[in-house]
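# Structural overview
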Amino acid sequence: MTTKQTGTYFPAGAIDEFLPRIGRVVEIEDLQLAVFRASDGTIFAADNHNPHPKGGPLAEGIVSGHYLYDPLYDWKIDLTTGQVQAPDNGQVKMYPVKVENDQVWIAI
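Notes on the structure in this doc start here. All residue numbers here refer to positions counted from 1 along the written sequence of the relevant chain. With pLDDT at 70 or above as the cut-off, local features in this predicted model cover only qualifying residues; side-chain atom pairs require 80 or more to be listed or tallied, and sums for whole chains, interfaces and linings still use all residues. To obtain the side-chain values, all non-hydrogen atoms of the structure were included, while hydrogens and water were left out.

Moving on to the nonpolar core. Counting 14 residues, the largest nonpolar core has F36, L58, V63, L68, I77 and L79 as the members making the most contacts within it. Elements with a minimum of two residues in this core: strand 4 (31-37) and strand 5 (43-47). Here, the term nonpolar core denotes a set of buried Ala, Val, Leu, Ile, Met, Phe, Trp, Tyr and Cys residues that are joined through side-chain atoms within 4.5 Å. Each residue is placed in one exposure class: buried if its accessible area under a 1.4 Å probe, protein chains only, is under 20% of its type's maximum, exposed if it is over 50%, and partly exposed if it falls in between. In terms of nonpolar packing, the next biggest core, distinct from the first, is built from 13 residues, A12, F18, V26 and I106 among them. Per the convention used, a helix needs a DSSP run of H or I reaching at least four residues, while a strand needs a run of E reaching at least two, with both numbered from the N terminus.

Laid out in structure tokens, this is it:
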């Protein structure tokens, strides 16, 4: 584990365990995270809780580019910022990610 300004990095799995455009749930400490691999290989980690008033998991969404499309509420979420796109609004908590030696690390 490495401590940086962004928090402590925890191992989340090998890069090959994260399929492109499909979410995967990873539990670190007492958090449940939705981890996504974009088509360009970028890895994103988010709180696995939809900001919609009715909630739900985010890991079930589909990634296109750097956006997550939620199938339950038809929301579009920017994975670089966690911001829900208009006309809807909301914010998803995002976590820093790094990849070293084909291992994905997430800071919390």
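Moving on, there is more to tell.
What follows deals with the sheet that holds strand 6 (residues 62-64). Taken in spatial order, the three strands line up as 6-7-8 in an open sheet, and their pairing is antiparallel. The strands lining the two open edges of the sheet, one partner per strand, are strand 6 and strand 8 (76-78). Here the average twist between neighbouring strands, direction ignored, is 30°. Strand pairing requires that DSSP identify at least two bridges connecting the strands. In this sheet, strand 8 lies alongside strand 7 (residues 67-69) in antiparallel orientation, the contact comprising three bridges. Orientation is described by axes fitted as lines to C-alpha atoms, over the contacting stretch for helices, and by angles from 0 to 180 degrees between their N-to-C directions.

The next point concerns the packing of aromatic side chains. Aromatic pairing here means that ring centres of Phe, Tyr or Trp (its six-membered ring) are within 6.5 Å. Orientation follows from the plane angle: under 30 degrees is stacked, over 60 is edge-to-face, and everything else is tilted. Evaluation of the coordinates by the stated rule reveals zero aromatic pairs. For a Lys NZ or an Arg CZ to count as sitting over a ring, it must be within 6 Å of the ring centre and within 35 degrees of the ring normal. Over the ring of F18 we find R24, and its NZ or CZ is 4.7 Å from the ring centre. Above the face of the Y9 ring, K98 is positioned so that its terminal group lies 4.4 Å from the ring centre.

Looking now at the pattern of salt bridges. The salt bridge definition used is simple: a Lys or Arg side-chain nitrogen within 4 Å of an Asp or Glu carboxyl oxygen. Taken as a whole and judged by the stated rule, the model has two salt bridges. For E17, the salt bridge goes to R24, with nearest N and O atoms at 3.2 Å. With relative accessibility at 39%, the residue E17 sits in the partly exposed group. Note that K98 is salt-bridged to E100, the shortest N-O span being 3.6 Å.

A few words now on the sheet that holds strand 9 (residues 94-95). Here four strands make up an open sheet; going across it, the order is 3-4-5-9 and the pairing antiparallel. Looking at which strands have only one partner, the edges of the open sheet turn out to be strand 3 (24-28) and strand 9. Bridge count for strand 3 against strand 4 is five bridges, and the pairing is antiparallel. Its bridge partner being in strand 4, V25 is matched across the sheet by A34.

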